[in-house]
Amino acid sequence: MDDPAARVSPELQSAIRTLALDRLTADVVTEFRDRGIRSILLKGPALARWLYADKEWRGYADCDLLVSPQDVPAAEAVLERMGFEREGLHSIEGDWQKYSSAWTG
């Protein structure tokens with residue numbers, strides 16, 4: 001049987017993944033905003049547009065959102081409601097003082 005995914009170029013696959021990630025990031029930022037949580041996108045499309053030429057492709061596989069320390073519990077609650085889970089060592093509550101958390105969804 002012919003696999004349709006095998007006919008898609010790696011560049012197109014990367015672009016599709018990137019667009020899906022951008023959409024997910026927009027959904028998270030919208031949920032944050034609806035709950036009064038301000039966030040700043042630290043990389044992904046924001047950096048790619050700033051650092052790379054228009055025709056230069058740079059894919060990415062994650063996004064980094066900065067929220068103020070007092071908003072972290074509310075932001076984490078939003079991520080949990082959206083079906084995200086803590087990832088790796090970041091899943092160990094109280095293990096050590098962290099300045100970031102990794103979430104996967």
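Residues numbered from 1 in each chain as written. Predicted model: local features only at pLDDT ≥ 70, side-chain atom pairs only at ≥ 80, totals over all residues. Heavy atoms only, no water.

1. Here's the deal with the environment of Ser 100
Part 1 of the reasoning: Examined against the element boundaries, Ser 100 turns out to sit in the loop between β3 (85-86) and β4 (103-104).
Part 2 of the reasoning: Spatially, the C-alpha atoms of Ser 100 and Leu 65 are 9.7 Å apart, while their sequence positions differ by 35 residues. (Helix = DSSP H or I, 4+ residues; strand = E, 2+ residues; numbered from the N terminus.)

2. Things to note about helix α1 (residues 10-34)
Part 1 of the reasoning: Compared with an ideal rise of 1.5 Å per residue, which puts 25 residues at 36 Å, α1 spans 36 Å between its outermost C-alpha atoms and is within 8% of the ideal.
Part 2 of the reasoning: Along its buried surface, α1 packs onto β1 (39-41), β2 (65-67) and α3 (72-81).
Part 3 of the reasoning: Looking one or two residues beyond α1, the residue adopting positive phi is Gly 36, at roughly 80°. (Expected span 1.5 Å × (residues − 1). Contact = heavy atoms within 4.5 Å.)

3. Focus on the nonpolar core
Part 1 of the reasoning: Counting nine residues, the largest nonpolar core is built from Val 28, Phe 32, Ile 37, Val 67, Ala 75, Val 78, Leu 79, Phe 84 and Trp 103.
Part 2 of the reasoning: Looking at this core element by element, the count peaks at three residues for α3. (Core = buried A, V, L, I, M, F, W, Y, C linked by side-chain atoms within 4.5 Å. Buried < 20%, exposed > 50% of the residue type's maximum accessible area, 1.4 Å probe, protein only.)

4. Section: the side chain of Asp 71
Part 1 of the reasoning: Position of Asp 71 relative to the elements: it lies in the loop between β2 and α3.
Part 2 of the reasoning: There is no salt bridge for the buried Asp 71, and the closest opposite charge comes from Arg 38, which lies 7.0 Å off by N-O distance.
Part 3 of the reasoning: Beyond its immediate chain neighbours, meaning those up to four positions away, Asp 71 contacts Gly 36, Ile 37 and Arg 38. (Lys, Arg positive; Asp, Glu negative; His and termini not counted. Salt bridge = Lys/Arg side-chain N within 4 Å of Asp/Glu carboxyl O.)

5. Description of the confidence of the model for the protein chain
Part 1 of the reasoning: When the pLDDT values of the protein chain are averaged, the result is 82; 76% of them are 70 or greater.
Part 2 of the reasoning: Of all secondary-structure elements in the protein chain, the lowest mean pLDDT belongs to helix α2 (residues 45-51), at 69, while α3 reaches the highest, 95. (pLDDT = per-residue confidence, 0-100.)

6. Some details on the packing of α1 against α3
Part 1 of the reasoning: In contact at an axis separation of 10 Å, α1 and α3 are set at 130° when each is read in the N-to-C sense. By the angle class used here, α1 and α3 are oblique. Every pair of crossing elements has a handedness; the one defined by α1 and α3 is right-handed. Contact with α1, carried on its side by Val 28, Glu 31 and Phe 32, involves Ala 75, Val 78 and Leu 79 of α3 and no other residues of that element.
Part 2 of the reasoning: Of the residues in the contact of α1 with α3, the class split is five nonpolar, no polar and one charged. (Axes fitted to C-alpha atoms, helices over the stretch in contact; angles between N-to-C directions. Parallel < 35°, antiparallel > 145°, perpendicular 65-115°, else oblique. Left-handed = near helix turned anticlockwise from the far one by under 90°. Nonpolar A, V, L, I, M, F, W, Y, C, P; charged D, E, K, R; others polar.)

7. Some thoughts on the environment of Phe 32
Part 1 of the reasoning: Among the secondary structure elements, Phe 32 is positioned in helix α1.
Part 2 of the reasoning: For Phe 32, a relative accessible area of 3% puts it in the buried group.
Part 3 of the reasoning: It is 9.6 Å that separates the C-alpha atoms of Phe 32 and Asp 71, two residues lying 39 residues apart in sequence.
Part 4 of the reasoning: Contact partners of Phe 32, with chain neighbours within four places excluded, come to Ile 37, Ser 39, Leu 65, Val 67, Ala 75, Val 78 and Leu 79.

8. Comments concerning the pattern of salt bridges
Part 1 of the reasoning: Summed over the entire model, instances satisfying the criterion amount to three salt bridges.
Part 2 of the reasoning: Across the pair Arg 23 and Asp 27 runs a salt bridge whose closest N-O atoms are separated by 3.1 Å. Taken together, the residues Arg 23 and Asp 27, both in helix α1 and four residues apart, mark about one turn of the helix.
Part 3 of the reasoning: Arg 23 sits in the exposed class, given a relative accessible area of 57%.
Part 4 of the reasoning: Taking the relative accessible area as the measure of exposure, Asp 27 reaches 31% and is therefore partly exposed.
Part 5 of the reasoning: In this structure, Arg 86 and Glu 76 form a salt bridge, with 2.8 Å as the shortest nitrogen-oxygen distance. Residue Arg 86 is found in strand β3, and its partner Glu 76 is found in helix α3; the two are separated by ten residues along the sequence. Both residues of the pair, Arg 86 and Glu 76, belong to the buried class.

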